Structures are given as C-alpha cells and as structure tokens.
Amino acid sequence: MDVIAAQALVKEFKTPWGAAARTVRAVAALDLAVPKGRIFGLLGPNGSGKTTTILMILGLLRPTAGRVSVLGVPAGHPEARRFTGYLPEETRLYEFLTGEETLDFVGRLFGMKRADRKRRTAELLERTGMWDARKRTLATYSKGMARRIGLAQALLSKPQLVVLDEPTSGLDPVGNREVRDLLRDVAAGGTTILLTSHILGDVAEVCDRIAILHAGRKVLEGDVKTLLARTDRLAWETDVLGDDERAGLVAYLREHSISFEGPSAPRTTLERLFFETLESDAGHGGGVST
Amino acid sequence: MLGTAAAFRLRWLEARRRGGLWLVLGTALLVFWVAWRGGDSVGGRFGFAGDIAGLFTFALAIFFGAFPLAVDRERRRAYLASASPASPLGWTFGNVLGAAATAALAGFFLHGAAAAGAAAGGGIETFEMTRIGSAARTLWLPDAPRRIRIEVPADAHSLRARPVVYARVAEEGSSGRASVFVGQDEVEIVHERPWTTSITPPFVELGSADPAFAVGVPLASIRALGAPRSFLANALRAAVAPAIVAAGVAALAVAAAAHLTAGVAALTVIVLVLLGALKPFVLDSLAEERGAIAAAPGAAAAADRAPAAARAFVKGALFVVPDLTRANLRARVIAGEWLRGRAWRHPAVMTGICLILGTLLGAWGVHRRRTT
C-alpha cells in the first residue's frame, strides 16, 4: 500500500472580487504514489504547486477535484494526522517557549504520554544537536537552530509519514549534513519522507525517488539513480599519468574513434573541502590560511 | 479531548513569558495606590479604585482572550495544532480555559488590590445590591461595635460585594437621624453619621415617609466602612465575582478571535460587553425604570417589566458609562429583577454559559479555518 496516494488532484484558487476575478490553477491533475519507507523528493520552481500539494496531503487544503489518501485514509482524517509529522517551509514556532517545551507541547498535541514525551524529546534534542540549547527560549535561537527544533517536532511522535518543506533551509553545511544523515536514519527505520528542496544536491544525495512539478503539472517522475545515470557515457579516474602515458591513451582513443573530453584533473566538491578544512583546523587547533 | 492540556499550558506560559502577569501585577499596584491614597469622599476609595480595576479587568480579559489565536494565525504557526490530531473542540477548549484562567486571575488581583488599598487607607466602602426577602445572612458593619443582622439573600453576590439594605430618614432635615429598613423591618442604626442619612441616591428619597416606597422598591442599599478586621473577607468578596465574569468575557473573546483577526475580535468583544451589559444602565437615570419594574409585583405585572427594562436599555444606550463595574453590576441586578426566579442569571451560571458558547463558537472557527 502506498503511504501517499493522490489521484487526479486539482487545486484552483479563485480571486473573488469584481471584474478582475479569475481562477488560478495551482495543481493540475496530479497523480502521486509514494511507497512506504522511501524518501520522495518533490521538486519544481517557485509557484509550481509543491507547497499546495503538501497542504492537500496534510488535509490543510481542500482539493478542488481528485482524491488524496494518506496511510489508507482520506487526507486530514485524525488517523492520518496522528501518524504524520510536518515541517513547513518557514519554521514558525512559539518564540516564548524553550526548545524542550516546544517538543513537549507538540507531544501533548499528539497525545503522547509524559514518559514518552520526555524520552523522545531528549532523544531528538541529542540527535539534532540541540541538547545544550534546550533550556533557551526560541527567541534566542538562530534560524538554523529553530530549523533543527522544527525538524525535531516533526519527528517527535515517531510518525509513519514525515512531510518536510525545505528541511535544510537556513542550515549551515554541518547542520545540512546532519539533517541528511538523520533523514536517512529515519527512512531506514521504515518511515516515509516526502520533502521539497531547492538544493538539488541535497535531493540527489538523500532521495530515492523524485517528481518534478512545473506549473502545477508533474513533468517527470522516477528513481533518482535511474534518472541521473548516463548510459551513453563512461567516466574514468586514474592516478596522475606521465606525458608519454597520457599521449598514448589519447592516441588510442582517437585511433578507435572514441569521443572524449579531457583529460582534466577532477575537482573536489566545495562541501568536501569545507569539511576537510574544519577537520584539519580541529586537528591543529589553529586558523585556516589560503 | 486531545489538545486541551497542550493549549491550556501554552496559554498559561504565554501569559507568563510575555509579561501578562507582570502587567496584572503592575496594574494591581496602581489600583492599590489609587485606593490607598484616594479621598475619603462618598464614592471614593474602593469606588474609584474598583472602577479602575473593573476597566482593566475587562481590558485584560479581552487581551488574553482575543489575541493568542489570531496572532497564531497571523504569524502562521497555527499549523502546529492544525496539522496535529488535536480536535478543534479540544484545542479551543484549552484556549478558552487558558484565557479564562489568566483573565480570572487578573480580575481577582485587581479587585483584591482595590479592596486591600482601601483597607490600607483606613476603610473599605463595600456595597451590595440585592433583592429583599429571601434567605438571610449576616453582614458586618465593621466599624460598628456589634453585629447587625440584616435580611439579605444569600444569592446577592455580584460583580463586587455590596451589602445593601434600604434606608430612609424619618424626617427631612432631621440632623443625621436615620432609619434603615430591610423590607418593612427597621434595623437599628448604631452610628448616626452623615453617610447614614445620605445613602445612595437612587434608593432613597430623603424625607419620604411613604411606606409603599420602602416596600415596593426591590433593592435596598447601605454603605459600610470596613475596618481592617474584615479586610480579607472584603477583598475576597470584592474579587471573586469579577474574576468569574472576566473568565466569561475572555471565553467570548477567544470565540471571536477564532473567526476574526485580533483587532476585530477585540473590538467585537468590547462592543458586545458594552451592548450586553453596560448600555441599559446609567446610574441615577434608572430610578424611574427601576421603580416601574419594582412597582409591578406578581406574575400579572410581568409584562410591564419588559417594557420598563427595554426603556432602561434605550436610555442607557444614550450614554457611555465609564464606570464599568458599577454599571455592569446594576445591569445584572435589574436583569435579575426582570428575570426573577431564573437561576441562570447568576454570574457564575452566565459565565459557564459563556465558556461553553465560547468553546463551541471558537471550535467552529478553528475547524473552518483548518481546511480551506
């Protein structure tokens, strides 16, 4: 059974007044099936219907047409809400609560018992790196810290489905990597994750499957590995070659009419450089120079 | 109901962390100071400070009730409850309870501060309005050397304590000699002080010896200056009823906020309070209407009471009454006369109705906004 099943989902918004009244179709005949235990990425430019789709899945927006079910029950059903965690695009929380109180509050909303709330709160505060800041009010948090607490609240009730709108927005590279690791762990435990992100590198790294929306329509869907694989090209990476070896290899490729680019030295990723620099700095206890 | 405990605790913490309780404390100190340093004139001390307390109680009840839900929506954090399995009814009920608790606390402290300040200043003016003739209870006239037993019904609690008997002087210009009647029974006056001969004007016509007036007027009044020994009782008596009423107002504010923006919600509740409780009742202008209501005894005259109350309502609507507490008190006393014998006129019952109504209307608004 698919955790999320949407059929012919349509959402139209109407501007109500006078001659300027018009209908905007935010989502058009969207079919979506998200199987259990997968990390599913919903991609698309701004205004493509991602957040509208998410709100319909959560039962916070009523579809104009079509159906959407979550965990086998209609979206918005209390049973669906009970097993769904949600983090919106912007972390909007009660800034007068501490991080710990925020999680406790959400636990109460989900009807969790006191002992469970305490245990899960401690667990997630540790997991999101917020343990030391747990007694501070959210008003004193940075954007990234608030995002981590937002993520923790979405995971608090051990939901079967987690819906995350831009989960890594506002996080530094360290937090970004921690969140990606956390999502992988959560998915490994059988939880299904639906996420949107504009950071395509994150999506490529963490998602099993993606759908691309454009103007409210789904224009592409598939497994990430399949979609990103290029079967018409082959890449090699070798130790550094001497001039003679390099010339011989090029001559061979030309002789056999094999098209190629390069050779060139491969580049590391900026993320890898960032972490290597931090690790090096931690090892030497000094600053970084270029 | 899922969500009630979460909402209640949230609102309580919100009131504490956002300075709501400091606001109450600060206002209570102001009220205390006014009552303490206020003049000794008739209507001074507790009267003026009590009016300030009443004004701020209503303002804070509306503030605590109207803003949280609306601000949640405007700051787009309502999703926390909306996307959770908490029921709209449970969530709203928790909000109503939280707002009612903080408003009741504000009402209690502000009115208690008024009474305490007046006591610290040398005496408390206490007033109570009531109908005559039901179960008796004993009131203290605290600066009297002994107790005076006055027939005042036990259901006479109102917005704040007002021990009331009917009093009139025996003869016009009779140099301070006065008689106090409860119904048709004369009560012995121990102290013959000026204030005993000039008791609250609407209830007394100096020099009138018409016993029918005494019998017919359903309300009786006496003012007592309280001595320190009755301070706590007076403070409690002054504070409990406003606290209850404030809870009801806060509940209505929550309901309004569930449907409207914070500002419109506050305005709506203020208008409701003014229309529902204040408009008909302008202090001295009501003597005629009160007389008309009272002069129509028995079931046969019930039809006459409604027009009289309606006239009072219209007349009151022409005035803006700054004295919220007193006006509200009189509102309910007159409504009580009109609705004599109907238990739901009691402030606690009315507040209970407000809590239920606030929850149901609010839950409807929360549900309506949850899925658009």
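From a predicted model like this one, the values you see are computed outputs, not experimental measurements. (Residues numbered from 1 in each chain as written. Chains lettered and ligands numbered in written order. Predicted model: local features only at pLDDT ≥ 70, side-chain atom pairs only at ≥ 80, totals over all residues. Heavy atoms only, no water.)

Undergrad: Break down the overall build of chain B for me, with residues and values.
TA: Helix and strand counts for chain B stand at 13 helices and nine strands. Among the 372 residues that make up chain B, the fraction classed as buried is 55%. Once local pairs closer than 6 in sequence are excluded, the contacts in chain B between residues at least 24 apart make up 79%. Looking at chain B as shown, the accessible area adds up to about 15600 Å², and 67% of this sits on carbon and sulfur atoms. (Helix = DSSP H or I, 4+ residues; strand = E, 2+ residues; numbered from the N terminus. Buried < 20%, exposed > 50% of the residue type's maximum accessible area, 1.4 Å probe, protein only. Contact = heavy atoms within 4.5 Å. Areas by Shrake-Rupley, 256 points an atom, 1.4 Å probe, with all protein chains shown as cover.)

Undergrad: So what's going on with the overall build of chain A? Which residues, and what values?
TA: Per the secondary structure count, chain A includes ten helices and ten strands. By the burial criterion, 42% of the 290 residues in chain A qualify as buried. Partitioning the contacts of chain A with sequence separation of at least 6, the portion at a separation of at least 24 is 67%. Per element, the accessible surface of chain A, about 16000 Å² overall, is 53% carbon and sulfur.

Undergrad: So, the interface of chain B and chain A: which residues are in play, and what are the values?
TA: With 27 residues of chain B at the contact, the number on the chain A side is 27 residues. Together chain B and chain A conceal approximately 2600 Å² of surface at their shared face, both sides included; 61% is due to carbon and sulfur atoms. Considering only the side of chain B, the residues that lose the most area to chain A are Y79, L80 and P85 of chain B, jointly responsible for 23% of the buried surface there. Where E95 of chain A meets R75 of chain B, a salt bridge forms, and the shortest distance between an N and an O atom there is 2.7 Å. The interface formed by chain B and chain A contains eight residue pairs in polar contact (both at pLDDT 80 or more). Per-element accounting of the side of chain B that touches chain A gives the leading share, eight residues, to helix α1 (residues 4-17) of chain B. Each residue belonging to the side of chain B that touches chain A can be placed in one class, and the counts come to twelve nonpolar, five polar and ten charged. (Buried area = accessible area lost by both parts, 1.4 Å probe. Salt bridge = Lys/Arg side-chain N within 4 Å of Asp/Glu carboxyl O. Polar contact = N/O pair within 3.5 Å; in protein donor to acceptor, adjacent residues only side chain to side chain. Nonpolar A, V, L, I, M, F, W, Y, C, P; charged D, E, K, R; others polar.)

Undergrad: Now, about the confidence of the model for chain B: what can you tell me, with residues and values included?
TA: All names here are of chain B. In this model, chain B carries a mean pLDDT of 60, and residues with pLDDT of at least 70 account for 42%. By mean pLDDT, the top-scoring element of chain B is α1 (91), and the lowest-scoring one is helix α7 (residues 211-216) (29). Predicted confidence is poor over residues 277-305, with pLDDT under 50, and the contacts of this stretch with residues over four places away or in other chains come to 64 contacts. This prediction of the complex comes with two scores: 0.69 for pTM and 0.79 for ipTM. (pLDDT = per-residue confidence, 0-100.)

Undergrad: An account of the pattern of salt bridges is requested, with residue identities and associated values reported.
TA: Residue and element names in this part refer to chain A. By the definition in use, this model includes 32 salt bridges over all chains. Between D185 and R127 there is a salt bridge whose closest N-O contact spans 2.3 Å. Of this pair, D185 sits in helix α6 (residues 173-188) while R127 sits in helix α4 (residues 114-127); the two residues are 58 residues apart in sequence, bridging distant segments of the chain. Assessed through its relative accessible area of 34%, R127 is described here as partly exposed. Here E221 and K218 are joined by a salt bridge, their closest N and O atoms 2.5 Å apart. For K218, a relative accessible area of 32% translates into the label partly exposed.

Undergrad: Run through the sheet that holds strand β3 (residues 39-43) of chain A, naming residues and quoting values.
TA: Residues and elements named next belong to chain A. The strand order β6-β7-β8-β3-β9-β10 describes an open sheet built from six strands, whose pairing is mixed. Both outer strands of the open sheet, β6 (84-87) and β10 (217-223), are each paired with one neighbouring strand and no more. Across the sheet, the axes of successive neighbouring strands diverge by a mean angle of 15°, strand direction being ignored. Pairing of β3 with strand β8 (residues 192-196), which is carried by four bridges, proceeds in the parallel orientation. Looking at β8, one finds that F40 is bridged to L194. Strands in contact with helix α5 (residues 143-155) are β6 and β7 (161-165); relative to β6, the strand with the most contacts, it is inclined by about 165°. (Pairing = 2+ DSSP bridges. Axes fitted to C-alpha atoms, helices over the stretch in contact; angles between N-to-C directions.)

Undergrad: Talk me through a nonpolar patch on the surface; I want residue IDs and the actual numbers.
TA: On the surface, V349, I353, L357, L361 and W364 of chain B cluster together into a nonpolar patch covering about 450 Å² of accessible area. The exposure class assigned to L361 of chain B is partly exposed, which follows from its relative accessible area of 36%. (Patch = residues over 30% accessible without salt bridge, like charges linked within 9 Å, V, L, I, M, F, W, Y side chains within 5 Å.)

Undergrad: Quick rundown of the environment of A104 of chain B? Include the residues and the values.
TA: All names here are of chain B. Secondary-structure assignment places A104 in helix α5 (residues 88-120). Distance from A104 to A243, taken between C-alpha atoms, is 4.0 Å for residues 139 residues apart in sequence. Ignoring any residue separated from it by four or fewer positions in sequence, one finds A104 in contact with A243, A246 and A247.

Undergrad: Quick rundown of the side chain of S157 of chain A? Include the residues and the values.
TA: Summarising the element assignment, S157 of chain A is placed in the loop between α5 and β7. For S157 of chain A, a relative accessible area of 18% corresponds to the buried category.

Undergrad: Give a detailed account of unusual backbone geometry, specifying residues and quantitative values.
TA: Across residues other than glycine, the phi torsion is negative in most instances, and most of the peptide bonds are trans. Residue and element names in this part refer to chain A. Look at E166: it is not a glycine, yet its phi comes out positive at around 55°. Take E166: it is sitting in the loop between β7 and α6. Of note in the backbone geometry, S257 takes a positive phi value of approximately 55° without being a glycine. With respect to the element layout, S257 can be found in the loop between α9 (243-255) and α10 (270-284).

Undergrad: Can you tell me about α9 of chain A, naming the residues and giving the values?
TA: The terminal C-alpha atoms of α9 of chain A, which comprises 13 residues, lie 18 Å apart, in line with the 18 Å expected from a rise of 1.5 Å per residue. Looking at the residues trailing α9 of chain A, positive phi occurs at S257 of chain A, about 55°. (Expected span 1.5 Å × (residues − 1).)

Undergrad: Break down the packing of aromatic side chains for me, citing the residues and quoting the values.
TA: Taken as a whole, this structure holds seven aromatic pairs over all chains when the rule is applied. Ring plane angle 45° and centroid distance 5.4 Å describe the contact between F63 of chain B and F67 of chain B, whose orientation is recorded as tilted. Pair noted here: F63 of chain B and F67 of chain B are both in helix α3 (residues 46-74), with a separation of four residues, about one helical turn. When the ring centre of W131 of chain A is taken as origin, the NZ or CZ atom of R134 of chain A, which lies over that ring, is 3.8 Å away. (Phe/Tyr/Trp six-rings, centres within 6.5 Å; stacked < 30°, edge-to-face > 60°. Lys NZ or Arg CZ within 6 Å of the ring centre and 35° of its normal.)

Undergrad: Which residues make up the pairing of β6 of chain A, and what are the values?
TA: All names here are of chain A. Neither face of β6 is left uncovered, since the one carrying T84 and Y86 and the one carrying G85 and L87 both have all their residues buried. Pairing geometry for β6 and β7, over four bridges, is parallel. Looking at β7, one finds that G85 is bridged to V162.

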